[in-house]
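Structure assessment
Take a look at the letters that make up each chain.
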Amino acid sequence: MAAANYLSSEDQFLCSICLDVFTDPVTTSCGHNFCKNCITEHWNTSDRCQCPMCKEVFNTRPDLRVNTFISEMVAQFRQSAQQKTSSSEQQESKPGEVPCDVCTGTKLKALKSCLVCLASYCETHLEPHLTMSGLKRHQLIDPVENLEDRMCTKHDKPLELFCKTDQMCVCTLCPVLDHKMHEFVPLKEEYEGKKVELKKTEAEIQQMIQKRRLKIQEIKHSVDLSEEDADREIAEGVQVFTDLKESVERGQANLINTIKEKHNTTEKQGEDSIKELEQEISELMKRSTEVVQLSLSEDHLHLLQSVQSSNIHHPPPTKDWTKVSIRSSYEGTVVRAVVQLEETLSKKIKKLLEAELKRVQTFAVDVTLDPDTANPSLILSDDGKHVRSAKVQQCLPDNPERFSLNPCVLGTQNFSSENFYFEVQVKRKTEWDLGVARESINRKGNITLSPQNGYWTICLRNGNEYIAAASPSVSLSLKSQLQKVGVFVDYEEGLVSFYDIDAAALIYSFTGCSFTEKLFPYFSPGANPGGKNFAPLIISPVRVN
């Protein structure tokens, strides 16, 4: 219909001579219209002047002028035709759009899809579904591909319902034939419900995205802080090693100067002694000459008188050189220089350890003892800060968390990623174990402390034997009895370090550990034979000096 209207409108603006749309349309007295150039050339080549349409003859050639009304109509027609052409081009199906199934040649974009015909139509080919009574009843939807997927494969009807029991789309016959007694809702109702769920899911996803973006910012911030810490540590390290290098160079220079000064003194003593000896030799040689000359005299009287009147029999006065020795001793010079350097290094190391201890103390956590893990032979204080051995074993439930044989207890708190630090008072004790343990340790039967078994600890035995429970165990040499011990764990780095708080000294470090589980603070006040190990282990508040 639309195409027919378009053609009839186009005929009104066609010149009957050139069969094209009018150009400068003119009207003859008989009422017919032509292009001005077309009718002029027609009359110029004809014997007589007549209308090409009705054959009316004009005695004189009419004075033709452009019909402004028809000219304006032609202009509007041209513009309308151009817009229709442009519209048709815009409706051409593009990649990703549903094409019209009826168009031949260039496929135009489909405006609707019919669930009855299982076809998609552009604007022109959709018109029958909008005008013909039989087609008006067909169900039209927004254009989609694969219309066969929207039909029930069993009953060849559109999928219009949703079976909530089987969670699937069905046609109107499915509830009667295949889904009896099931719960059904219209697709639109389920669609709305699913849209709400999808909106909620989208909100959750967006929240997850936001959390991860915040995590990215947190990681970037951590990397920036790490870079700052690294720069600071490098600067401090360079300064420390520069100082150590200068100390070594100064010690070396002092050693060389000391040895050279000793040698110079010895050399001066040698030169003075040689000079004195040479002078004595000169005097002795002079006397020897006199003796030789006198002995050669043949005058008896003269020789006797000369010998009697002089001390020629006696040598000139000289020093007793048997007790004189030129000797320089350098023994101990290097040792004393190294000892002095060691003292300097010890002072610097002590300062470094004090600074390190202050840093790890910033990771202090509040640790309390977990009574559900305590062996029945232990007594815990009400505030969970003290633990000591009991005289009589208590009657406690043997829950899975409790140590059944060894006198030990875990902290209530656990750590699975961050760094942490705590301090424990150990004074007046002859035996104890202290450190951290992983969650999956064996708590029943006899326990062997070692990293392989999930324990990173140091121990005291027999009142003065300190041991790191490594594999094999390491004997620790300490300058003084421990009074308070600090325990620091860097989970990511795989580091467990123990500090002597009073001396601000590092006792021992487990390095290269691989932590994959939660870590718990571990305490054992040890057995109490004869009441000599009665003092408790006390979790102390951390005070940074």
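For the structure itself, look to the data block above.
The rules behind each value
Residues numbered from 1 in each chain as written. Predicted model: local features only at pLDDT ≥ 70, side-chain atom pairs only at ≥ 80, totals over all residues. Heavy atoms only, no water. Phe/Tyr/Trp six-rings, centres within 6.5 Å; stacked < 30°, edge-to-face > 60°. Helix = DSSP H or I, 4+ residues; strand = E, 2+ residues; numbered from the N terminus. Buried < 20%, exposed > 50% of the residue type's maximum accessible area, 1.4 Å probe, protein only. Lys NZ or Arg CZ within 6 Å of the ring centre and 35° of its normal. Salt bridge = Lys/Arg side-chain N within 4 Å of Asp/Glu carboxyl O. Patch = residues over 30% accessible without salt bridge, like charges linked within 9 Å, V, L, I, M, F, W, Y side chains within 5 Å. Areas by Shrake-Rupley, 256 points an atom, 1.4 Å probe, with all protein chains shown as cover.

For the rest of this paragraph, the subject is the packing of aromatic side chains. For the structure shown, the criterion picks out 12 aromatic pairs. Relative to Phe77, the ring of Phe13 lies with its centre 5.1 Å away and its plane at 25°, an arrangement referred to as stacked. Note that Phe13 is positioned in the loop between α1 (2-11) and β1 (25-27) and Phe77 in helix α3 (residues 68-90), a separation of 64 residues in sequence. In this pair, the class of Phe13 matches that of Phe77, namely buried. On the numbers, 6.3 Å between centres and 75° between planes, the contact of Phe403 with Tyr522 is edge-to-face. Taken together, the positions of Phe403 in the loop between β10 (386-389) and β11 (409-410) and Tyr522 in strand β20 (residues 519-524) put the pair 119 residues apart, joining distant regions of the chain. Three or more aromatic residues link up through ring pairs in this structure, and these residues are Phe403, Tyr455 and Tyr522. We note Lys319 situated over the ring of Trp321; from NZ or CZ to the ring centre the distance is 4.8 Å.

By the definition in use, this model includes 14 salt bridges. Residues Lys164 and Glu190 are paired through a salt bridge, measuring 3.1 Å at the closest nitrogen-oxygen approach. On the criterion of sequence distance, the pair formed by Lys164 in the loop between β6 (161-163) and β7 (168-170) and Glu190 in helix α7 (residues 187-295) is long-range, its members being 26 residues apart. A relative accessible area of 31% means that Lys164 is categorised as partly exposed. Note that Lys444 and Asp398 form a salt bridge whose closest N and O atoms lie 2.7 Å from each other. Pair noted here: Lys444 is in the loop between β13 (432-438) and β14 (455-461) and Asp398 is in the loop between β10 and β11, with a separation of 46 residues, a long-range link. Residue Lys444 is classed as partly exposed on the basis of its relative accessible area of 30%. Each of Lys164, Glu190 and Lys194 takes part in salt bridges that share partners, so that together they form one network.

With that settled, consider a nonpolar patch on the surface. Taken together, the side chains of Leu173, Val176 and Leu177 present a nonpolar region at the surface, about 260 Å² in accessible area. Following the sequence through the fold, Val176 ends up in helix α6 (residues 174-177). Judged by its relative accessible area of 53%, Val176 is exposed.

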